[in-house]
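# Remarks on the overall topology
Okay, here's what each chain looks like letter by letter:
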Amino acid sequence: MFTKILIANRGEIACRIIRTCQRLGIKTVAIYSTVDQEALHVKMADEAYLVGEAPPHDSYLNMGNILDAAESSGAQAIHPGYGFLSENAEFARLCEETGICFIGPDPDVMEKMGDKMRSRKLARKAGLPILPGTDEAVANENASTKAWELGFPLMVKAADGGGGMGIRIVREPEALGEALETARRQAQNSFGSSRVYLERRVENASHVEVQVLGDKHGNAIHLFERDCSVQRRNQKVVEETPCAKLSPAVREALLEAAVRLTKNIGYSNAGTIEFLLDGDREHFYFLEMNTRIQVEHGVTEMVCGIDLVKWQIRVADGEALDFTQNDVKQRGHSIECRVYAEDPSRDFLPTPGLVRKMILPEGPGIRNDVGVSEGQEVTSDYDPLLVKVVVWDTCRNSAINRMDYALSNFIILGLITNQPFLRDIMKSESYRKASF
């Protein structure tokens, strides 16, 4: 087992990884930018290295500086968390070349699944249902022809992106040109690639994903599904498991399809296969695969009792899974709410500021994945996620009530958060009836 791991990330996920490393007796190395010197993940780690100025491309995306920090610290492995370099095949290859283990899948597999059009082809080859769409990037001159072949409404989507960026809905042919231009511009700014493709839109859809885990010995299992349909700007806000919208037959088919694709591509480590469930809740379609740990992995851990970060580390170290699919049981219901420093009344505008006071909810079945501490300055340089409040209870209604209780006992002073908005969701009829 590794004795020292560098976490190439910040905030909540860096703190989360450090906690598992501490339980495993592994020393941790944090990296930080000039504005993160007093951040919680820096205080929690055994040692920390400055990797650059505040802009991500100067620090948390600076591959050279991060690898220098790993080499200087003697870290044997790098855990990328989510976001930043977590799905960057070039970075994974550089880690291999310098003799440092990248805690994630093989870079070739990561590259294949990171290209949305290639991943569609691989999913189709594995027998998964795919939405009608273009298998190649579309040029402006042939986009109209392709769009009419698919039919409206449709989606313009970034081919090399993720996280809900570079997506536009087109309901009428006249809106196609502007949607292409906007999606290309956002994709170029976010991912350095302006390639886009077209995909048929599913109305009244739900976003349902399956957590998978594979090792380097050919074993692959699922850890059930999550419903991540409560979103703003294509970014998840509330996640839960199990999905209350699935019939037993559809759930079984969904889980089987996810494991089949995982095995077909030879995937190792933790990953998530995302699907759209249509309005009648009888048909699902492959969307994409995230080749990393997900923000919402905590709800899966709550119902399955399996530490996913621990298994990411053990699989990367060459260990085989010591349990089978039959050993994985789903118990009770879990919900996660993401507490952001943003103002729902102002179109979720980020609200940087100083965390003057923070009181976290406590009690049975309540877990807080925290990324900030009192006295810390929350800047506008990074994602405004502060805390993930995760609850567990024996059934969905009880879990909703427990989450409402937890949110009512969550106090943070010094900046505006979306906490009241999250409580409104828990109280809403559409959420309680799972009709959202």
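Shown above is the structure to which this text applies.
Figured I'd write up the structure that's included with this text. (Residues numbered from 1 in each chain as written. Predicted model: local features only at pLDDT ≥ 70, side-chain atom pairs only at ≥ 80, totals over all residues. Heavy atoms only, no water.)

### Here's the deal with the side chain of serine 373
Selection criterion: Runs of H or I in DSSP of at least four residues are treated as helices and runs of E of at least two as strands, each being numbered from the N terminus. Each residue's exposure class comes from its accessible area (1.4 Å probe, protein chains only) as a fraction of the maximum for that residue type: buried when under 20%, exposed when over 50%, partly exposed otherwise. Here, two residues are considered to be in contact whenever any of their heavy atoms come within 4.5 Å of each other.
Tracing the backbone shows serine 373 in the loop between strand E19 (366–370) and strand E20 (377–378). Relative accessible area serves as the criterion here: at 14%, serine 373 is assigned to the buried category. Setting aside its immediate chain neighbours within four residues, serine 373 contacts Leu40, Lys43, Val355 and Met358.

### Focus on the sheet that holds strand E9 (residues 206–214)
Heads up, the condition is: A pair of strands is labelled paired if DSSP reports no fewer than 2 bridges between them. Axes here refer to lines fitted to C-alpha atoms; in helices the fit is confined to the stretch in contact. Angles between the N-to-C directions go from 0 to 180 degrees.
If you walk across this open sheet you meet the eight strands as E13-E12-E9-E10-E11-E14-E21-E19, and the pairing is antiparallel. Whereas interior strands pair on both sides, the edge strands pair on one side only; in this sheet they are strand E13 (284–290) and E19. Pairs of neighbouring strands in the sheet enclose a mean axial angle of 25 degrees, with direction left out of account. In this structure, E19 lies alongside strand E21 (residues 385–393), joined through five bridges in antiparallel fashion.

### Details of the packing of aromatic side chains
Counted only if it meets this: Pairing of aromatic side chains here covers Phe, Tyr and the six-membered ring of Trp, requires ring centres within 6.5 Å, and sorts the geometry by plane angle: under 30 degrees stacked, over 60 edge-to-face, intermediate tilted. Only Lys NZ and Arg CZ are tested; either one counts as a charge over a ring when it is within 6 Å of the ring centre and within 35 degrees of the ring normal.
One pass over the full model with this rule turns up eight aromatic pairs. Where phenylalanine 91 meets phenylalanine 102, the ring centres are 6.1 Å apart and the plane angle is 80 degrees; that geometry is what we call edge-to-face. Of this pair, phenylalanine 91 sits in helix H4 (residues 89–97) while phenylalanine 102 sits in strand E5 (residues 101–102), placing them eleven residues apart in sequence. A centroid spacing of 5.2 Å and a plane angle of 20 degrees characterise the contact between tyrosine 431 and phenylalanine 436, whose relative ring orientation is stacked. Since its relative accessible area comes to 2%, tyrosine 431 is described here as buried. Given a relative accessible area of 25%, phenylalanine 436 falls into the partly exposed group. Counting every residue linked through ring pairs, the aromatic cluster contains Tyr60, Phe84 and Tyr382. Across from the ring centre of tyrosine 340, 4.5 Å away, lies the NZ or CZ of arginine 232, which sits over that ring. Above the face of the tryptophan 311 ring, arginine 314 is positioned so that its terminal group lies 4.3 Å from the ring centre.

### Details of a nonpolar patch on the surface
Note the threshold: Patches were defined on residues exceeding 30% relative accessible area and lacking a salt bridge, with like-charge contacts within 9 Å and nonpolar side-chain contacts (Val, Leu, Ile, Met, Phe, Trp, Tyr) within 5 Å. The Shrake-Rupley method, run with a 1.4 Å probe, gives the accessible areas here. Residue values count only the displayed protein chains as cover. We define a salt bridge as a contact between a side-chain nitrogen of Lys or Arg and a carboxyl oxygen of Asp or Glu at a distance within 4 Å.
Among the surface-exposed residues, Ile359, Ile411 and Leu413 lie close enough to one another that they form a single nonpolar patch of about 240 Å² accessible area. Given the relative accessible area of 36%, isoleucine 411 is considered partly exposed.

### Focus on unusual backbone geometry
The step from phenylalanine 152 to proline 153 runs through a cis peptide bond, and the omega angle for that step is 0 degrees. Topologically, proline 153 is positioned in the loop between helix H7 (140–150) and strand E6 (154–158). A cis amide bond links threonine 241 to the next residue, proline 242, at an omega of 0 degrees. Tracing the chain through its elements places proline 242 in the loop between strand E11 (235–241) and helix H9 (248–264). Even without being glycine, asparagine 269 reaches a positive phi, approximately 90 degrees. Among the structural elements, asparagine 269 can be located in strand E12 (residues 269–277). Using a relative accessible area of 0% as the deciding quantity, one classes asparagine 269 as buried. The phi dihedral of phenylalanine 348 falls on the positive side, at around 60 degrees, and the residue is not glycine. Along the chain, phenylalanine 348 falls in the loop between strand E15 (342–343) and strand E16 (349–350).

### As for the pattern of salt bridges
Tallied over the full model, the rule gives 41 salt bridges. Glutamate 256 serves as the salt-bridge partner of arginine 260, at 2.5 Å between the closest nitrogen and oxygen. Remark: glutamate 256 and arginine 260 occur in helix H9; sequence separation between them is four residues, near one turn of the helix. Taking the relative accessible area as the measure of exposure, glutamate 256 reaches 41% and is therefore partly exposed.

### Topic: the environment of glutamate 377
Mapped onto the elements, glutamate 377 comes out in strand E20. In this structure the C-alpha to C-alpha distance between glutamate 377 and glutamate 71, which are 306 residues apart in sequence, comes to 30 Å. If we skip the residues at most four places from it in the chain, glutamate 377 touches Gly353 and Leu354.

Note that every value here comes from positions in space, so none of it alone points to a role or purpose.
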